[in-house]
Amino acid sequence: MSAINNRSDKKSSKNTTFIIAGVIALGAGLLFAYLMFYTAPEHNMEMVKVIANTESGCIAETMDGFAVNIGDCNAEPGKYVNALVDQKTKERAALMNPTN
């Protein structure tokens, strides 16, 4: 009788292991999907006004009033240039400042 019980325990522990592995894999997949959807940048070309040139790149202001770092540029402060702007950064900034 004890040999029969040992076999069912092994089968039960394998099933439990597969269930736990499946739950972990599902959690990892959901985390990956969340990170790709919410944190991946979404760049759009916009006309921006260069405010300053710094060591970390040009700081510019978008037409709707957000300050963004557009990277290296050769423009002087006060000039308008087309630059890639991350839209998700602007959305997060708007959520942090409800007065806009």
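See the structure above.
Residues numbered from 1 in each chain as written. Predicted model: local features only at pLDDT ≥ 70, side-chain atom pairs only at ≥ 80, totals over all residues. Heavy atoms only, no water.

Counted according to the given criterion, the structure contains two salt bridges. With its nearest N and O atoms 2.9 Å apart, the salt bridge here joins Lys90 to Glu46. Placement of Lys90 in helix α2 (residues 87-96) and of Glu46 in strand β1 (residues 43-54) is noted, with a sequence separation of 44 residues between them. Assigned by exposure class, Lys90 and Glu46 land together as buried. The partner of Asp64 in a salt bridge is Lys90, and the shortest N-O contact between them spans 3.1 Å. Residue Asp64 is found in the loop between β2 (57-62) and β3 (67-71), and its partner Lys90 is found in helix α2; the two are separated by 26 residues along the sequence. A single salt-bridge network, built from bridges that share partners, covers Glu46, Asp64 and Lys90. (Salt bridge = Lys/Arg side-chain N within 4 Å of Asp/Glu carboxyl O. Helix = DSSP H or I, 4+ residues; strand = E, 2+ residues; numbered from the N terminus. Buried < 20%, exposed > 50% of the residue type's maximum accessible area, 1.4 Å probe, protein only.)

Turning next to the side chain of Gln87. Counting through the fold element by element, Gln87 comes out in helix α2. A residue is classified by how much of its surface remains accessible, and Gln87, at 13% relative accessible area, is buried. Once residues within four sequence positions are removed from consideration, Gln87 is found in contact with Glu42, Asn44 and Glu46. (Contact = heavy atoms within 4.5 Å.)

Read these as layout, nothing more, since geometry by itself doesn't imply function.
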